[in-house]
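Spelled out, the chains give:
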Amino acid sequence: MTDPMPHSVADDAIVVPGDPTVRLVAIREEELDVTEVLDALDGAADGGVTLFVGRVRDHDGGRDVAGLGYSAHPTALARLTEVCREVAARHPVHGVAAVHRVGTLAIGDAAVVIGTAAAHRDVAFAASRDLIDTLKAEVPIWKHQRFADGEEEWVGTP
């Protein structure tokens, strides 16, 4: 098993007490740091560490995107933490981490960074896919997309 002590993380990040597998969970307005997620997942027993970075792209559905913003429900951080726990329980991972950005983002900005660490790559890949898919489906964070033609839409709202 990996070292259960939290690694260097930002002051607003949550490291779940008593759960050495959930290494980092945060929702913040500041630019996301991929290194923070990698550092949180560092462990000598980990043969596979995966990282996924979701970025703001310049198009969606054949339309040019000018920019977007993310808003989070007040329960989003608690739900994100629970999603991390659930994914860790479904996969034999040593660590999971998830950080999502809110506020106004520009094209190319990182909107979400997730990662998993496991003894083997296949477990880490499967857990990361599960983590990002579950996060997108279940954590109440909504995207307000602004298109180049002046139209806009909300994505992921109930």
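All figures in this text were calculated on a predicted structure; none of them were measured in a lab.

**Topic: the side chain of T50**
Along the chain, T50 turns up in strand β2 (residues 48-55). In terms of polar contacts, T50 uses its side chain to reach the backbone carbonyl oxygen of A124, at 3.3 Å. Excluding anything up to four places from it in sequence, T50 contacts L41, I114, G115, T116, A124, F125 and S128.

**Quick look at the packing of helix α2 (residues 76-90) against helix α3 (residues 121-138)**
Across the interface, α2 lies against α3 with an axial gap of 10 Å and an inter-helix angle of 150°. As for how α2 packs across α3, the hand of that crossing is right-handed. Contact residues: α2 offers R79, L80, V83, C84, E86, V87 and R90, while α3 offers A127, D130, L131, T134, L135 and E138. Classifying every residue of the contact of α2 with α3 gives 7 nonpolar, 1 polar and 5 charged.

**Describing the sheet that holds β2**
If you walk across this open sheet you meet the 4 strands as β1-β5-β7-β2, and the pairing is mixed. Lying at the two open borders of the sheet, with one neighbouring strand each, are β1 (22-28) and β2. Strand-to-strand twist in this sheet, taken as the mean axis angle between neighbours without regard to direction, amounts to 5°. This element, α2, spans β1 and β5 (95-101) of the sheet and lies at about 155° to β1. Contacts from α3 reach β2, β5 and β7 (110-118), with the element oriented near 145° to β7.

**Some details on the pairing of strand β9 (residues 152-155)**
Sheet topology places strand β8 (residues 141-147) next to β9; 4 bridges connect them, and they run antiparallel. Note on β9: the bridge partner recorded for R146 is E152. Between β8 and the antiparallel strand that follows it, β9, lie 4 residues; G150 among them carries a positive phi value of about 95°.

**Some details on the confidence of the model for the protein chain**
Taken as a whole, the protein chain shows an average pLDDT of 89; of its residues, 88% reach a score of 70 or greater. Scored below 50 in pLDDT, residues 1-10 shows 21 contacts in the model against residues more than four places distant or in partner chains.

**Observations regarding the packing of aromatic side chains**
The final tally for this structure, using the stated rule, is 0 aromatic pairs. One cation-aromatic arrangement involves R63 over F147; the distance from NZ or CZ to the ring centre is 3.8 Å.

What counts, and at which threshold
- Residues numbered from 1 in each chain as written.
- Predicted model: local features only at pLDDT ≥ 70, side-chain atom pairs only at ≥ 80, totals over all residues.
- Heavy atoms only, no water.
- Helix = DSSP H or I, 4+ residues; strand = E, 2+ residues; numbered from the N terminus.
- Polar contact = N/O pair within 3.5 Å; in protein donor to acceptor, adjacent residues only side chain to side chain.
- Contact = heavy atoms within 4.5 Å.
- Axes fitted to C-alpha atoms, helices over the stretch in contact; angles between N-to-C directions.
- Left-handed = near helix turned anticlockwise from the far one by under 90°.
- Nonpolar A, V, L, I, M, F, W, Y, C, P; charged D, E, K, R; others polar.
- Pairing = 2+ DSSP bridges.
- pLDDT = per-residue confidence, 0-100.
- Phe/Tyr/Trp six-rings, centres within 6.5 Å; stacked < 30°, edge-to-face > 60°.
- Lys NZ or Arg CZ within 6 Å of the ring centre and 35° of its normal.

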